[in-house]
Each structure stands twice: as structure tokens, then as C-alpha cells.
Amino acid sequence: MEDGLHGFRRLEQAWTDELTPAQKADAYTWRIDSLDGMQDTLGRDAWEEKLLAELPQQQEACARVLLSQASRASERHNFAEAARLNARVVKQYPASSSYGAAQYNLGSSLESLERHDDAIAAYSKLFPSQVDDREPGAHLMENYRNYRHRAALRISACHEAKQDFDKALDWLEQAKTKYRYQTWCGTCAESRRHWMATRKAELLTQAKRFDEALEMIDPVVMSLPGPRAGNTIQMARMMVEIYDQRDQLILLAALLHERQQEIEAARAKAGDDLSLIH
């Protein structure tokens, strides 16, 4: 059995020796994917290290391996290791197709480590880069990568974590206008529009710019029955929070009661109009 296995390995070695570096990288990548599919993590990891050690000039293959290792580290919440691996892709393989994901994920890892200034610097490098925002997404629910739009949103979140709400709002606006969300899906675009409106109301509330926040919240919460955005409940919670901070919950109750009466009157009128048609 041992002799047979040894012979097989010699045959495999002779075969791989005949391959060009690019062909060998493809063969190693196939082996890595196969082992990963079989959940042979030890084998996968060994072949990944073999590829990185033997074929460092094969940019696409090496960058892909490092990106996968970084993703697994992030899943284990080892964000320092994820940052180190993503930084290797960015530094060693900036021309690879993995650059955009690695640069964004570097910012994400640093953000998870609460290194917000470093995360902002990492995200910011995407704006002047050659990344394609319309690169196909990683899964069915992600039409495009939207690197710049997502980076602007994360920079906004970093400023929020630093309690700098003016900058957080500024970057949210840039995500909306300068680095627009790219999609071919009308439903996705509408969902993103509602989400960003809710996000802006959130930041305005945190900044205690209550009048501006209510200008956005009132039309959603106080609207007549009909199609509702998925952010209605969240907007309603913010409305209660604002009136509570102003010690005006009684006033809010009165306004909601008044609006309820208007809605009931509108429903009654609609019913009368419908009976006239019949």
C-alpha cells in the first residue's frame, strides 16, 4: 500500500513538473477547491501554503488564497489576522481582481478592531482606485459590488462611532449623491432609498437635530393607509424617542389621536365613494 502511494506521488510530481507556472497554479487551485468542498481543512490549508510558497508570482491565484484565508479569519472573529491577510493582498497583488474586496475588507477588519481612523483611511483608498462598482456581487441578493458606495457608508459609520455626527451625515449624503448605489433592480433601489432615509433620521436624532429628523419621520409615520416602507416601525420608534427627550409624550399622543381620526374619516369617505360607484 505504501509503495503504491509513493508511486502515485512520484507520478503526480512528474506530471506537475511538466506544467507552466500558470497551469500549476490552476492545478493547485483545483486541488484547494476540491479539498475545501470535502471539508478537509488541513489538506486545503497545506495546499494553500504550498501555492503561496512555490508560486508567489501567480498574482490571481495567490491573492485569491489570501482573500479566502482573511475571510475565514474574519468568520472566527480574528480581525487582526484578517487585517494582516487583506493588507498582504493590497500590498503584494494590487493589480489582481481581488484588490477591491481586499481593500474594502481591510477597512472592515480595522473597523471591527475599533481602529476607526485607520479604517477610514483604508476605505478612502477605494475612491481613486480602478475598482469597478458594477463588478458582479458575491451572491444572488447583491447585484453589484458597489465598492465606493459601501465604503462611503462605512466611513459614515466610523464617524458615528467617534460621535462626529456632522461628518457621519456628510458621508451618508456622499453615499447617496456622489457614490450612488448601482443596481438594475427597481425594488432594490427603492429599498436602499428607504434604508438611507431611515439612516439619516437616525443620525439626525443622535445629533439632537430633532426638527430635521421629524421632517423626515412625520411623512412616514403619519401617512394615510397604503403601501408602507419597511422602515415605518423604526421611524415610529425614533419619533417616540424624540418626543420623550423633549418631555412631550402627551403632545405626541394627542397628535397621533388626531391623525387616527383623520385616517378613519378618510376611510369612511372612501367607503361612501365606493358605494356610490356601485
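Residues numbered from 1 in each chain as written. Predicted model: local features only at pLDDT ≥ 70, side-chain atom pairs only at ≥ 80, totals over all residues. Heavy atoms only, no water.

1. Overview of the environment of Trp 171
No. 1: Following the sequence through the fold, Trp 171 ends up in helix 9 (residues 165-177).
No. 2: Since its relative accessible area comes to 16%, Trp 171 is described here as buried.
No. 3: When the C-alpha atoms of Trp 171 and Ser 156 are compared, they prove to be 5.0 Å apart, with 15 residues separating the residues in sequence.
No. 4: Discounting residues that sit within four places of it in the chain, Trp 171 has contacts with Phe 127, Ala 152, Ile 155, Ser 156, His 159 and Tyr 179. (Helix = DSSP H or I, 4+ residues; strand = E, 2+ residues; numbered from the N terminus. Buried < 20%, exposed > 50% of the residue type's maximum accessible area, 1.4 Å probe, protein only. Contact = heavy atoms within 4.5 Å.)

2. Focus: the packing of aromatic side chains
No. 1: The final tally for this structure, using the stated rule, is 4 aromatic pairs.
No. 2: The interplanar angle of 55 degrees and the centroid separation of 5.4 Å between the aromatic rings of Tyr 104 and Tyr 123 together place this pair among those described as tilted. Residue Tyr 104 is found in helix 6 (residues 99-112), and its partner Tyr 123 is found in helix 7 (residues 116-124); the two are separated by 19 residues along the sequence. Here Tyr 104 matches Tyr 123 in class, with each residue buried.
No. 3: Between Phe 127 and Trp 171, the ring centres sit 5.5 Å apart and the planes meet at 15 degrees, which makes this aromatic pair stacked. (Phe/Tyr/Trp six-rings, centres within 6.5 Å; stacked < 30°, edge-to-face > 60°.)

3. Description of the pattern of salt bridges
No. 1: Here the structure, examined in full by the defined rule, presents 18 salt bridges.
No. 2: Across the pair Arg 209 and Asp 166 runs a salt bridge, and its minimum N-O distance is 3.2 Å. Of the two residues, Arg 209 sits in the loop between helix 10 (186-206) and helix 11 (210-221) while Asp 166 sits in helix 9, which places them 43 residues apart along the sequence.
No. 3: A single network of salt bridges, built from pairs that share partners, joins Asp 36, Arg 44, Asp 45, Glu 48 and Arg 72. (Salt bridge = Lys/Arg side-chain N within 4 Å of Asp/Glu carboxyl O.)

4. Considerations on the layout of surface pockets
No. 1: Its boundaries defined by the atoms lining it, the largest pocket holds a volume of some 290 Å³.
No. 2: Around the largest pocket, the lining is made up of 15 residues, and of these Lys 176, Arg 192, Arg 193, Met 196 and Ala 197 lie nearest the centre.
No. 3: Counting residues per element, the lining of the largest pocket draws most heavily on helix 10, which supplies 6 residues.
No. 4: Taken together, the residues of the lining of the largest pocket sort by class into 7 nonpolar, 2 polar and 6 charged. (1 Å grid on protein atoms, 1.4 Å probe; cavity = no way out; pocket = protein on both sides within 12 Å on 5 of 7 lines; lining within 4 Å. Points joined across faces, edges and corners; volume = space filled by probe spheres on them. Nonpolar A, V, L, I, M, F, W, Y, C, P; charged D, E, K, R; others polar.)

5. Focus on the packing of helix 8 (residues 147-161) against helix 10
No. 1: It is the contact of helix 8 with helix 10, at a shortest axis distance of 12 Å, that shows an interaxial angle of 20 degrees. Considering their axes alone, helix 8 and helix 10 lie roughly parallel with respect to each other. In this structure, helix 8 crosses over helix 10, and the sense of that crossing is left-handed. Residues His 149, Leu 153, Ser 156, Ala 157 and Glu 160 of helix 8 lie in contact with helix 10, whose contacting residues are Arg 192, Trp 195, Met 196, Arg 199, Leu 203 and Gln 206. (Axes fitted to C-alpha atoms, helices over the stretch in contact; angles between N-to-C directions. Parallel < 35°, antiparallel > 145°, perpendicular 65-115°, else oblique. Left-handed = near helix turned anticlockwise from the far one by under 90°.)

6. Describing the nonpolar core
No. 1: Among the nonpolar cores identified, the biggest contains 63 residues, and Leu 51, Tyr 123, Phe 127, Ile 217, Met 235 and Met 239 are the most heavily contacted of them.
No. 2: Counting residues per element, this core draws most heavily on helix 4 (residues 59-75), which supplies 7 residues. (Core = buried A, V, L, I, M, F, W, Y, C linked by side-chain atoms within 4.5 Å.)

7. Digging into the side chain of Glu 160
No. 1: Turning to its location among the elements, Glu 160 is positioned in helix 8.
No. 2: Classification of Glu 160 as buried rests on a relative accessible area of 18%.
No. 3: Dropping the residues within four chain positions of it, Glu 160 is found in contact with Phe 165, Ala 168, Arg 199, Leu 203 and Gln 206.

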